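# Overview (structure and organization)
Spelled out from the first residue to the last, the chains are:
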Amino acid sequence: MISRRSLLASSLAAASLGATGLPALAKAPLSGRQVPGVFRQKIGSIEITALSDGFGPIGIEAFTNLDPAEAQRMLAAAGEKAMAPTAINAFVVNTSTKTYLVDTGMGSNKAFGPSLGRMRANLAAAGIEPGQIDAVILTHAHPDHAEGLITSEGKARFRKAEVILHEAEANFWLDEGVFSRAPEAAKPFFLSARNALKPYANRTRKVKDGEVAPGLTLQLAAGHTPGHAVIRVSSGKDQLLIAGDTLHNALFHTLRPETTFAFDSDGKQAAETRKKIFDMVATDGIPIAATHVPFPGFGRIVRDGQAYRYVPAQWGDLA
């Protein structure tokens, strides 16, 4: 039997061995990096893989009609001391017959900081090569969604893929008249969209609302950009809405759907679209995947009084 005396004797013996210079247990080295930003979700028979492109610094001031003091109160009520960096997510939709990539991240563009551009590495970590992508579907052509189309040399990253986007989006960014009338501050966004789309000029499909592939339906959700779109994924009785930039912050935009954003082309229209989308997914119980909510971006929008609340999806088995 173990007594207090035998336990003390054992402790003293261990201490004396340590004093003789015997090696201590090895300490695991610091990794210095996170695990790959890859997460998979099933919608019926369709597999959706979320890929993290990283995160960028978006401050409260980007929410242009939200009082900063009120924003701080909202953060404090949610248990946050400060606004977290904004996630940027992309999504691979595998229907078992074709593989689609929805948005592409920032690519080699470092305009929003060095913590972006990780989509390509995470695509590889997910076991998917660029040559396996049959089509890239863009929710819109802002840099954090379209720059990943190209390599640092400006060549097509997805050599076999067509690019699909709403015709209103393509017409906006590629129209010379619109470009000539754009404010100087907006012209880098036009140049970015044009450079990203240029290598795919002969394989770009400009579409209206409707099914763009079996199980994938594109719907105009204008305001953030003139041709911003959402993609409904359907398989059997299951559905999911890839919501793009319908929301840029899971807290501010659910509690205050009328909040406008600095990069909206039409903030009022974007807010009206947001309310319609939120009402639809909350009423019909449709889960969402969103670009700018914390990775992996899967969750639900539920009603909370006169406003809404974002509920992240729980980690689940694919089976």
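## Re the packing of helix H5 (residues 167-174) against helix H7 (residues 187-197)
Between H5 and H7, the shortest axis-to-axis distance is 9 Å and the interhelical angle comes to 115 degrees. In this structure, H5 crosses over H7, and the sense of that crossing is left-handed. Taken together, the residues of H7 that come into contact with H5 (itself represented by Phe-172, Trp-173 and Leu-174) are Phe-189, Phe-190, Ala-193, Arg-194 and Leu-197. Within the contact of H5 with H7, the residues separate by chemical class into seven nonpolar, no polar and one charged.

## What about the packing of aromatic side chains?
Within the structure shown, the criterion is met by 12 aromatic pairs. Ring geometry for Phe-39 versus Phe-298: centroids 5.8 Å apart, planes at 45 degrees, classification tilted. Placement of the pair is Phe-39 in strand E1 (residues 38-43) and Phe-298 in strand E13 (residues 298-304), with a sequence separation of 259 residues. Among the residues examined, Phe-298 registers a relative accessible area of 4% and is labelled buried. Look at Phe-63 and Phe-261: their rings are 5.3 Å apart centre to centre, the planes differ by 55 degrees, and that puts the pair in the tilted class. Highlighted residues: Phe-63 in the loop between strand E2 (46-56) and helix H2 (68-77) and Phe-261 in the loop between helix H8 (252-255) and helix H9 (267-284), separated in sequence by 198 residues. Ring pairs connect the aromatic residues Phe-63, Phe-112, Phe-189, Phe-252, Phe-261 and Phe-263, which therefore count as one cluster. Here the basic side chain of Lys-187 rests over the ring of Phe-179, its NZ or CZ set 5.2 Å away from the ring centre.

## Side note on H5
Among the residues making up H5, those that are buried are Glu-169, Ala-170 and Trp-173. Down the axis of H5, the sector holding all buried residues measures 95 degrees, keeping them to one side. Where H5 is buried, its residues contact strand E6 (162-166), H7 and strand E7 (204-207).

## Concerning the sheet that holds E1
In spatial order, the strands read E1-E2-E3-E4-E5-E6-E7; together these seven strands make up an open sheet with mixed pairing. A single partner strand is all that each edge strand has here, and the edge strands are E1 and E7. Each strand of the sheet is rotated relative to its neighbour by a mean of 25 degrees, with strand direction disregarded. Note: strand E5 (residues 135-137) against E6, three bridges, orientation parallel. Considered in E6, the bridge of Ala-135 is made with Glu-162. Where H5 meets the sheet, its contacts fall on E6 and E7, and the angle it forms with E6 comes to roughly 95 degrees.

## Details of the nonpolar core
One recurring pattern in soluble globular proteins is that nonpolar side chains are buried together. Of all hydrophobic cores here, the largest spans 29 residues; its most connected members are Leu-101, Val-136, Leu-138, Leu-149 and Phe-158. Sorting the residues of this core by element identifies strand E3 (86-94), helix H3 (119-125), E6, H5 and H7 as the ones contributing at least two each. With five residues, the top contributor of residues to this core is H7. Non-local contacts of Leu-138, meaning those with residues more than four positions away in its chain, are made with Asp-103, His-145, Ala-146, Leu-149, Val-163, Ile-164, Leu-165 and Leu-197. Counting residues in hydrophobic clusters, the runner-up holds 24 residues, among them Val-102, Leu-218, Ile-231 and Ile-242.

## Some remarks on the pairing of strand E4 (residues 99-102)
Two faces belong to every sheet, and in a regular strand the side chains alternate between them. Both faces of E4 are covered, namely the face carrying Thr-99 and Leu-101 and the face carrying Tyr-100 and Val-102. In the sheet, E3 pairs with E4 via four bridges, with the strands oriented antiparallel. Opposite Asn-94, over in E4, you have Thr-99 as the bridge partner. The loop that links E3 with its antiparallel partner E4 comprises four residues; one of these, Ser-96, has a positive phi angle of about 85 degrees. Here three bridges tie E4 to E5, and the two strands are oriented parallel to one another. Residue Val-102 lies in a different strand from E5, and its bridge partner there is Ile-137. The parallel pair E4 and E5, bridged by H3, forms a crossover whose chirality is right-handed.

## Some words on the pairing of strand E10 (residues 229-235)
The element E10 is extensively covered by neighbouring structure, given that six of its seven residues are classed as buried. The sheet contact formed by strand E9 (residues 216-220) and E10 spans five bridges and is antiparallel. Its bridge partner lying in E10, Leu-218 is registered against Ile-231. In this sheet, strand E11 (residues 238-244) lies alongside E10 in antiparallel orientation, the contact comprising five bridges.

## Topic: the sheet that holds E13
Sheet architecture is open: seven strands sit in the order E8-E9-E10-E11-E12-E13-E14, paired in mixed fashion. The open sheet terminates on both sides in strands that have one partner only, identified here as strand E8 (210-213) and strand E14 (307-312). Strand-to-strand twist in this sheet, taken as the mean axis angle between neighbours without regard to direction, amounts to 35 degrees. Examined bridge by bridge, strand E12 (residues 288-290) and E13 share two bridges and lie antiparallel to one another.

## Considering the environment of Val-207
Structurally, the position occupied by Val-207 is in strand E7. For the pair Val-207 and Ser-96, spaced 111 residues apart in the sequence, the C-alpha separation amounts to 23 Å.

Definitions and cut-offs
Residues numbered from 1 in each chain as written. Predicted model: local features only at pLDDT ≥ 70, side-chain atom pairs only at ≥ 80, totals over all residues. Heavy atoms only, no water. Axes fitted to C-alpha atoms, helices over the stretch in contact; angles between N-to-C directions. Helix = DSSP H or I, 4+ residues; strand = E, 2+ residues; numbered from the N terminus. Left-handed = near helix turned anticlockwise from the far one by under 90°. Contact = heavy atoms within 4.5 Å. Nonpolar A, V, L, I, M, F, W, Y, C, P; charged D, E, K, R; others polar. Phe/Tyr/Trp six-rings, centres within 6.5 Å; stacked < 30°, edge-to-face > 60°. Buried < 20%, exposed > 50% of the residue type's maximum accessible area, 1.4 Å probe, protein only. Lys NZ or Arg CZ within 6 Å of the ring centre and 35° of its normal. Arc of directions from axis to C-beta. Pairing = 2+ DSSP bridges. Core = buried A, V, L, I, M, F, W, Y, C linked by side-chain atoms within 4.5 Å. Right-handed = clockwise from strand over helix to strand, strands pointing away.

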